[in-house]
Amino acid sequence: MSIIVNKSSISESFKTNPIPTTQILPLDLRNLLSLPDSHTWPTSPVQPPPPSATIPVVDLGRPPHAVASAVRKASDEWGVFQVTNHGIPATLLREAEFQARRLFALPAEEKLAVVRSPDGIDGYGLARISRFFAKQMWYEGFTIMGSPVRHARQLWPNDYANFCNVMEEYQAQMKALSEKLLGLMFKSLGLAQDDIKWLHSKTNHHPPQAVLQLNSYPACPDPAHAMGLAPHTDSSLITLLHQSSNATGLQISGDGGNLWIPVNPIPGALTVNVGDLMHIATNGRFKTALHRAVVNMTRHRVSMAYFYGTPQEVKISPPMKLVDVDHPLLYQPVTWKEYLDAKGKYFNRALEFIKCEALFIADRCRQL
Ligand SMILES: C=C1C[C@]23C[C@@]1(O)CC[C@H]2[C@@]12CCC[C@@](C)(C(=O)O1)[C@H]2[C@@H]3C(=O)O
Ligand SMILES: O=C(O)CCC(=O)C(=O)O
Ligand SMILES: [Fe+2]
């Protein structure tokens, strides 16, 4: 068996982030009658997706073998699917969306009081990917990692408990569902628990890390020239997304960004995105989904993305069962933190930069 492995650690090269960031604060987008130049994107011709292109829906209430094959097919072909019968109470989804809307409805200066610091994770702000684009997105976000109490107390000094309780319960339920789905996804590839020991917190000193991102896209006077969230893949193992059912906004591209297919929200369903780490962990078997969010003229759309990653210190690499002569090891082992650093530097080309050296060189030669 010939496996191309470059054992050199990549962490060294990812320690520095050379792109200087000057902090740009979100503009209050409510009630603007036209797009400022800073938010005007060039239009590209919109091609209607072929009618056959629909994002799969997996009913988790079906028999286990049917669920497994549906999950495998969807992760293989699309890298995204919606799940129904997932067990998260509809009331919790509604309450969490209500709290997210309550936060985004606050006056701009109150939200700016909890702005994310330039090197911080949690708080209010623009999408992190903003600095890779010349134009601003029609977007504001609020990131939660663990307890949101520090910021919630600042926002609602006398009434922060509701927000915190709902968001903490939401994260607990999303964690349990993420673990269930990951178990299903790995099992669908014929892997046993022992093959993915790193996934189980009991066998690790550190629990898996996760981030909850609240996304807000206010109604927009000129949606054709605006962008909600620019095309990207998620860095997580998987992301569970709740989108408000009042507007479609999420779109997926299977062809690198030419054709966009909407993920029409099914009330109560959740969207599962395969993230870059899952693509690495399955040695490329599962596809990481390129997606974006578009905006609309009349509705304020809100979504909540739960990014489930790996425990700190864990280097992701696929189980040996997924590596053979026909499937050489594609990527160098990497921790989530190292990968996020690479993403911060190379954005949508981060995967290329962690490719095993020989494959990377082969790709480059092909491009010459
Ligand atoms: C864990 C994370 C994934 C994320 C960066 C973050 O630290 C928290 C926010 C996440 C998000 C949400 C919007 C799109 C995205 C690409 C971004 O800029 O911030 C993702 C990041 C990611 O998946 O790389
Ligand atoms: O709002 C959406 O539908 C997409 C959100 C998203 O892609 C993200 O938070 O990473
Ligand atoms: Fe995303």
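Keep in mind that what you see is a predicted model, and the values were worked out from it rather than measured.

### Observations regarding the sheet that holds strand S8 (residues 250-253)
Pairing in this open sheet of 4 strands is antiparallel, and the strands run S6-S11-S8-S9 from one edge to the other. In this open sheet, the two edge strands, each paired with only one partner strand, are strand S6 (229-232) and strand S9 (261-262).

### Examining the sheet that holds strand S12 (residues 301-311)
Strand order in the open sheet made by the 8 strands is S1-S2-S10-S7-S12-S5-S4-S3, with mixed pairing throughout. Every interior strand has two partners, whereas the edge strands, strand S1 (57-59) and strand S3 (123-125), have only one. Sheet twist, expressed as the average angle between the axes of neighbouring strands with direction ignored, equals 25°. In terms of strand pairing, strand S7 (residues 238-243) meets S12 through 6 bridges, oriented antiparallel. In the sheet register, Leu 240 faces S12, and the bridge partner there is Tyr 306. Helix H2 (residues 90-104) contacts S3, strand S4 (140-144), strand S5 (208-217), S7, strand S10 (270-274) and S12 of the sheet and is inclined by roughly 110° relative to S12.

### Describing the coordination of the iron ion (ligand 3)
Protein coordination of the iron ion (ligand 3) is provided by His 232 (NE2), Asp 234 (OD) and His 291 (NE2), with donor distances spanning 2.1 to 2.2 Å. Here the donor residues of the iron ion (ligand 3) share one chain and are spaced in sequence as H-x1-D-x56-H. Separated by 57 residues along the polypeptide, Asp 234 in the loop between S6 and S7 and His 291 in strand S11 (residues 290-293) bring together distant segments of the chain. A single burial state applies to Asp 234 and to His 291, both of which are buried.

### Quick word on the site of ligand 1
Taken together, Arg 128, Ile 129, Val 211, Gln 213, His 232, Asp 234, Ser 235, Phe 307, Trp 336 and Leu 340 are the residues near ligand 1. Note that an oxygen atom of ligand 1 is positioned 3.2 Å from one of the backbone N or O atoms of Ile 129. Here ligand 1 has 460 Å² of accessible area as a free molecule, and 94% of this is covered by the chains. If you list the elements that add at least two residues to the shell around ligand 1, you get S5 and helix H7 (336-346). Grouping the constituent residues of the shell around ligand 1 by class yields 5 nonpolar, 3 polar and 2 charged.

### Things to note about the packing of H2 against helix H5 (residues 161-187)
Running from amino to carboxyl end, H2 crosses H5 at an angle of 130°, the nearest separation of the two axes being 10 Å. Between H2 and H5, the crossing angle belongs to the class labelled oblique. Crossing of H2 against H5: the hand is left-handed. Note on element contacts: H5 touches H2 through Asn 162, Phe 163, Val 166, Met 167, Glu 169, Tyr 170, Gln 173 and Met 174, opposite Leu 92, Leu 93, Glu 95, Ala 96, Gln 99, Ala 100, Arg 102 and Leu 103. Along the lines of polarity and charge, the residues of the contact of H2 with H5 split into 10 nonpolar, 3 polar and 3 charged.

### Quick look at the pattern of salt bridges
Counted according to the given criterion, the structure contains 13 salt bridges. The partner of Arg 349 in a salt bridge is Glu 352, with the nearest N and O atoms 3.2 Å apart.

### Topic: the UniProt feature "coiled-coil region" (unreviewed entry) in the chain
In this structure's numbering, the residues bearing the UniProt feature "coiled-coil region" (unreviewed entry) are residues 160-187. Note that residues 160-187 is 96% helix and 0% strand, and that its end C-alpha atoms are spaced 41 Å apart.

### Observations concerning the pairing of S4
Note on strand geometry: in a regular strand, side chains alternate between the two faces of the sheet. Extensive coverage of S4 is indicated by the burial of 5 of its 5 residues. Every second residue of S4 is oriented toward a common face, with Glu 140, Phe 142 and Ile 144 on one face and Gly 141 and Thr 143 on the other, all of them buried. Looking at chain direction, S3 and S4 are connected through 3 bridges and run antiparallel. Considered in S4, the bridge of Tyr 124 is made with Phe 142. Where S4 and S5 come together, 5 bridges link them in antiparallel fashion.

Cut-offs and rules
Residues numbered from 1 in each chain as written. Chains lettered and ligands numbered in written order. Predicted model: local features only at pLDDT ≥ 70, side-chain atom pairs only at ≥ 80, totals over all residues. Heavy atoms only, no water. Pairing = 2+ DSSP bridges. Helix = DSSP H or I, 4+ residues; strand = E, 2+ residues; numbered from the N terminus. Axes fitted to C-alpha atoms, helices over the stretch in contact; angles between N-to-C directions. Contact = heavy atoms within 4.5 Å. Donors = N, O, S within 2.8 Å, 3.2 Å for Na, K, Ca; no water. Buried < 20%, exposed > 50% of the residue type's maximum accessible area, 1.4 Å probe, protein only. Near = heavy atom within 4 Å. Polar contact = N/O pair within 3.5 Å; in protein donor to acceptor, adjacent residues only side chain to side chain. Areas by Shrake-Rupley, 256 points an atom, 1.4 Å probe, with all protein chains shown as cover. Nonpolar A, V, L, I, M, F, W, Y, C, P; charged D, E, K, R; others polar. Parallel < 35°, antiparallel > 145°, perpendicular 65-115°, else oblique. Left-handed = near helix turned anticlockwise from the far one by under 90°. Salt bridge = Lys/Arg side-chain N within 4 Å of Asp/Glu carboxyl O. UniProt positions renumbered as here; feature names shortened; annotations may be inferred.

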